[in-house]
Amino acid sequence: MTDEDERTGAAAGHGKRVGWVELYFDLVFVFAVGQVAHSIVAEPHWARVAAALGLFVTLWWTWIGFAVLYNRRGDDSRMADRLFVLAGTIPCAIAATQVHHVFEGHPAVFAVAIAVVRVILSAAHRWLAGPGLDQRRITRAYALSAVLFGVSAILPSSWGLWTVALLQEAGALLLGERDRRRGEPRERPTRETRWRAMLAPPRDPGLAVDSAHLAERFGLFMILLLGELVLTVGTAALERPADDVAYWLVTVGGLVLAGALWWMYFTSAAEIYERMLGLSGGNPALAYSLYAGGHLTPAFALLLVAAGMNLSLHESPPPAAVWLLTAGLAAYLAGTRVFADGSRRWYHRLARIASVVATVNLAFLDRVLPTPAVVVVIALWGVAAAAVSSVLRQRTLARFGDNPLVFLRGAGGG
């Protein structure tokens, strides 16, 4: 198959498949983010949630670096490609074992491990770059991040350096391949022109991303995170000494909620995202908006739900249990945009906002109902949201047809 054939197939949504080495890497990575969820269970308060979010973002952008690398240049048949990914699993696994030390105020080993990952990413993006593709900005950004994370290991306060490192590497990754010819006038873009630019095929076909591969890669990662939720429910249930009514309500409610979350993503959001990216011809700006940035919120939301389910199965659940569940579910609904149908009518937008607010406020039911009963209500709410998302999916696909700009307008942008 020629390069032109591969690009045509990617634009049509029939690109390469996720490699086996990528799946192995994802397993290691889910272990890391699972430790973040366990840290919330250990100290269920909002300050810990905020710190967990910062740590999760650090891990998320590490995973994004490898996802983008393999999507654009990876080939499972080449030994060098596989070796770079396998090399990355070692410092990632070490970082995972150090997550609890970060929360205890000892981030040095974690920072060094993340620095080593950046060295590998810098070398990989440079080594695997195709002919005519300038990767210097991205490789320099990862090299700088490696230095910043390494220096943070010996300084008393590390969050500031981590923030700078992540911002500059994200900027290089998302903006380093802008499709603009030299000599063109710089104009201040409007929201409409930004949306149109995101939906237009890149003028350089070499910059197009493989929409099918990217959709499958993120879908598999979401499956693994949902698996973490199911594993959390099962493990916490086994640790509960008595199989009473509360045990069964929370266990069944948790599994029902996990199924509803799966339904919302894989029968609605996933299909719409992949179709939009395919119609754009693999536009990298749209790809990174929908996946690299757009999936951050629902991915972290699944960790909040997992932590909430774990706490709900305790014999004396803390008040934070239901708040983590409702906040996680609300963030998931907002992040996957399952209620966005392409409509620009003000009352449709108001209804979407109201549904998210109502989801969070379900936690107030713990004032009149025991925690197991609240979990059941939240699970039923999730089922209802999944049913609504299925109806809206059909309306959305019919509304934008071959023009995803309609969806972007109604969803409030990319």
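Residues numbered from 1 in each chain as written. Predicted model: local features only at pLDDT ≥ 70, side-chain atom pairs only at ≥ 80, totals over all residues. Heavy atoms only, no water.

Q: How would you sum up the overall build of the protein chain? Please name residues and give values.
A: Counting its regular elements, the protein chain contains 17 helices and 0 strands. In the protein chain, of all internal contacts separated by at least 6 residues, the share reaching a separation of at least 24 is 80%. A total accessible area of about 18,200 Å² is found for the protein chain, and carbon and sulfur atoms account for 64% of it. (Helix = DSSP H or I, 4+ residues; strand = E, 2+ residues; numbered from the N terminus. Contact = heavy atoms within 4.5 Å. Areas by Shrake-Rupley, 256 points an atom, 1.4 Å probe, with all protein chains shown as cover.)

Q: How would you sum up the packing of helix α11 (residues 245-279) against helix α12 (residues 284-293)? Please name residues and give values.
A: Interhelical geometry of α11 versus α12 gives an angle of 170 degrees and a closest axis separation of 9 Å. Considering their axes alone, α11 and α12 lie roughly antiparallel with respect to each other. Residue-level inspection shows Y273, E274, M276 and L277 of α11 in contact with α12, the latter providing L286, A287, L290 and Y291. The residue inventory of the contact of α11 with α12, partitioned by class, reads 7 nonpolar, no polar and 1 charged. (Axes fitted to C-alpha atoms, helices over the stretch in contact; angles between N-to-C directions. Parallel < 35°, antiparallel > 145°, perpendicular 65-115°, else oblique. Nonpolar A, V, L, I, M, F, W, Y, C, P; charged D, E, K, R; others polar.)

Q: So what about helix α3 (residues 46-73)? Which residues, and what values?
A: Helix length check: α3 (28 residues) gives 40 Å between terminal C-alpha atoms against 40 Å at 1.5 Å per residue, within 8%. In terms of burial, α3 is largely enclosed, as 22 of its 28 residues are buried. (Expected span 1.5 Å × (residues − 1). Buried < 20%, exposed > 50% of the residue type's maximum accessible area, 1.4 Å probe, protein only.)

Q: Describe a nonpolar patch on the surface, and please don't skip the residues or the numbers.
A: A contiguous nonpolar patch, built from L144, V147, V151, I154 and L155 and spanning about 440 Å² of accessible area, is present on the exposed surface. In this structure L155 comes out as partly exposed when scored by relative accessible area, which is 39%. (Patch = residues over 30% accessible without salt bridge, like charges linked within 9 Å, V, L, I, M, F, W, Y side chains within 5 Å. Salt bridge = Lys/Arg side-chain N within 4 Å of Asp/Glu carboxyl O.)

Q: Break down the environment of S312 for me, with residues and values.
A: Its location among the elements puts S312 in helix α13 (residues 296-312). For the pair S312 and V233, spaced 79 residues apart in sequence, the C-alpha separation works out to 9.4 Å. Only 2.7 Å separates the side chain of S312 from the backbone oxygen of G308, close enough to count as a polar contact. (Polar contact = N/O pair within 3.5 Å; in protein donor to acceptor, adjacent residues only side chain to side chain.)

Q: Tell me about the pattern of salt bridges, and please be specific about residues and values.
A: For the structure on display, the rule yields 6 salt bridges. Bridged by salt links that share partners, the residues E22, D26 and R217 form one connected network.

Q: I'd like a rundown of the packing of aromatic side chains, residues and numbers included.
A: Summed over the entire model, instances satisfying the criterion amount to 19 aromatic pairs. Between Y273 and Y291, the ring centres sit 6.2 Å apart and the planes meet at 80 degrees, which makes this aromatic pair edge-to-face. Linking Y273 in helix α11 with Y291 in helix α12, this pair joins segments that are 18 residues apart in sequence. Across the pair, exposure class does not vary: Y273 and Y291 are buried alike. (Phe/Tyr/Trp six-rings, centres within 6.5 Å; stacked < 30°, edge-to-face > 60°.)

Q: So what's going on with the nonpolar core? Residues and values would help.
A: As a rule of thumb, soluble globular proteins bury nonpolar side chains together. Grouped together as the largest cluster of nonpolar side chains are 116 residues, with contacts concentrated most on W60, W61, W63, I64, F110, L261 and M264. Per-element accounting of this core gives the leading share, 15 residues, to α3. Not counting residues within four places of it along the chain, the set of residues in contact with M264 comprises A269, L329, Y332, L333, V338, G382, A385, A386 and S389. (Core = buried A, V, L, I, M, F, W, Y, C linked by side-chain atoms within 4.5 Å.)

Q: Now, about the packing of α13 against helix α14 (residues 320-336): what can you tell me, with residues and values included?
A: Two elements in contact, α13 and α14, have axes whose closest approach is 7 Å; the angle formed by their N-to-C orientations is 160 degrees. Classified by the interaxial angle, the pair formed by α13 and α14 is roughly antiparallel. The chirality of how α13 crosses α14 is left-handed. Across the interface between the two elements, T297, P298, A301, L302, L304, V305, A307, G308, M309, L311 and S312 from α13 touch A321, L324, L325, G328, L329, A331, Y332, G335 and T336 from α14. A breakdown of the residues in the contact of α13 with α14 according to their chemical character gives 14 nonpolar, 6 polar and no charged. (Left-handed = near helix turned anticlockwise from the far one by under 90°.)

Q: Just give me the short version of the environment of L302, but keep the residues and values in it.
A: Relative to the helices and strands, L302 is located in helix α13. The spatial distance from the C-alpha of L302 to the C-alpha of L225 is 6.7 Å, given a sequence separation of 77 residues. Contact partners of L302, with chain neighbours within four places excluded, come to M222, L225, L226, L261 and Y332.

Q: Kindly report on the confidence of the model for the protein chain, identifying the contributing residues and their values.
A: Confidence in the prediction for the protein chain averages 82 pLDDT; 80% of positions are at 70 or higher. Note that residues 1-14 has pLDDT below 50 and, in this model, 15 contacts with residues that lie over four places away or in other chains. (pLDDT = per-residue confidence, 0-100.)

Q: Kindly report on the side chain of S389, identifying the contributing residues and their values.
A: Structurally, S389 can be placed in helix α16 (residues 371-400). Side-chain polar atoms of S389 contact the backbone oxygen of A386, separated by 2.6 Å.

Q: Describe the side chain of H295, and please don't skip the residues or the numbers.
A: Tracing the backbone shows H295 in the loop between α12 and α13. Polar side-chain contacts of H295 include one of 2.9 Å to the backbone oxygen of L290. Once you skip the residues sitting within four places of it in the chain, H295 turns out to touch W60, F218, M222, Y265, Y273 and L290.

Q: Help me get a handle on the environment of T371, residues and values and all.
A: As for its position among the elements, T371 is in helix α16. For T371 and S316, which are 55 residues apart along the polypeptide, the C-alpha to C-alpha distance reads 9.1 Å. When neighbours within four sequence positions are excluded, T371 is seen to be in contact with S312, P317 and V322.

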